[in-house]
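Listed below are the residues making up each chain.
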Amino acid sequence: MDDLIKKAAEDIAAARQVTALTGAGISVESGIPPFRGKGGLWEKIDPMEYAHIDAFSRDPEKVWEVLIKGMKDILDTAEPNDAHKGLARLEKFGKLKTIITQNVDGLHQTAGSTDVIEFHGNFAWQRCTDCGDRCRTSDISMEKIPPRCHCGGIYRPDCVFFGEMIPPDALLRSRTLAMSCDVMLVMGTSAMVQPAAYMPVLARENGARVIEINPEPTPLTGHISDYIIQGSGGVVMNGIIARLEGLS
Ligand code: NAD
Ligand code: ZN
């Protein structure tokens, strides 16, 4: 692993512009379970039953009870880990400009990253399905499920459910960044959810080096990524940052 960390630090040092694509795995060390992979939520519940917009529309109480309530409990207190902090450091070094994330936990921003494209929205906010009023998730009372707005409408997280559209401006900007970066760091994503998984493909097609950081191989491994550093995000980022500091 050390050789690959050294190689990644050299690739980043030589790059003009680095873009990162992150997924649920980067927040595992912050105590937030991913969807797929070991210990993932999908081992326990069926995504289509709980994370699809049709499921929410059909039975908001059930989705709040099984999925959203638990997420709120975890996300209310989650803190960034060394992987988030490492990416924020890379921005300070002037190498990394933008993070494209599939996560809804807001931990990149808490760690200090200033340009984060959120493909799936942010769980920090709820909006009323009737009047559109917004309210902080941490301020919502859990006494009655599903929680309701003053108008009587049901709250939903300001996230993109399966079956809903990615915000078009997020998609457009990500495509441009994927095509213009010379290194793409792909961290903690199983690369199974489109269109996020297509960003490394675009980067590769446009000549970028694609570096994966993930304990497990993904469908990108060996095809799209130049190499994979098989380890947890925090440990690998600490290694890369230490190397970069040594190189500067
Ligand atoms: P995923 O759950 O499909 O895959 C997680 C990946 O992270 C796996 O490939 C796994 O091997 C890897 N991983 C596990 N531990 C890791 C570690 N310590 N360091 C680095 N990698 C690690 O995640 P996904 O590809 O992001 O897709 C799932 C969707 O679920 C996303 O679109 C996201 O919206 C949502 N989600 C978000 C959160 C969050 O905001 N933190 C949590 C769960 C799910
Ligand atoms: Zn309302």
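As the structure is a prediction and not an experimental result, all values here were calculated from the model. Throughout, residues of each chain are indexed from 1 in the direction in which the sequence is written. All chains are assigned letters beginning at A, and all ligands numbers beginning at 1, according to the order in which they are written. Thresholds applied to this predicted model are a pLDDT of at least 70 for local features of residues and 80 or more for the giving and counting of side-chain atom pairs; totals over whole chains, interfaces and linings are not thresholded and use all residues. The side-chain values count all of the structure's non-hydrogen atoms but skip hydrogen atoms and water molecules.

## Examining helix α5 (residues 82-92)
Relative accessibility decides the category of a residue: with a 1.4 Å probe and only protein chains considered, values under 20% of the type maximum give buried, values over 50% give exposed, and everything between is partly exposed. A run of DSSP states H or I qualifies as a helix once it reaches four residues; a run of E qualifies as a strand once it reaches two. Both are numbered from the N-terminal end. Within α5 the residues assigned to the buried category are A83, H84, G86, L87, A88 and L90. Any two residues having at least one pair of non-hydrogen atoms within 4.5 Å are treated as being in contact. In the core, the buried residues of α5 are packed alongside α1 (2-14), β1 (18-22), β2 (96-101), α6 (107-111), β7 (183-187) and α9 (233-247). Following α5 by one or two positions, G94 has its phi on the positive side, about 85 degrees.

## What to know about the pairing of strand β8 (residues 209-213)
Counting buried residues in β8 gives four out of five residues, a clear majority hidden from the surface. Relative to β8, β7 runs parallel, the two being bridged by five bridges. Each bridged residue has a counterpart across the sheet, and for V186 the counterpart in β8 is E212. A crossover gets the label right-handed when its path from the first strand over the helix to the second runs clockwise, viewed with the strands pointing away from the viewer. After leaving β7, the chain enters helix α8 (residues 198-205) and then returns to the sheet as β8, a path that is right-handed. In this sheet, strand β9 (residues 227-229) lies alongside β8 in parallel orientation, the contact comprising three bridges. When the bridges of β9 are listed, I211 appears paired with Y227. Note on pairing: two strands pair once DSSP finds at least 2 bridges between them.

## Side note on the domain arrangement of the chain
By the assigned domains, the chain splits into domain 1 (1-31 + 79-120 + 166-248) and domain 2 (33-77 + 123-159). Placing the centre of domain 1 and that of domain 2 at their C-alpha centroids yields a distance of 27 Å. Both faces combined, the contact of domain 1 with domain 2 buries some 780 Å², and carbon together with sulfur accounts for 59% of it. Basic side-chain nitrogens of Lys or Arg form a salt bridge, by our definition, when they fall within 4 Å of a carboxyl oxygen of Asp or Glu. Put simply, domain 1 and domain 2 have zero salt bridges between them. Within 3.5 Å is the distance limit for a polar contact, defined as a pair of N or O atoms, with the added protein rule that one can donate a hydrogen and the other accept it, and that residues adjacent in sequence qualify only through two side-chain atoms. Inspection of the region where domain 1 meets domain 2 yields one residue pair in polar contact (both at pLDDT 80 or more). Boundary definitions for the domains trace back to an automatic or database domain assignment. Buried area: the accessible surface (1.4 Å probe) lost by two parts on joining, summed over both.

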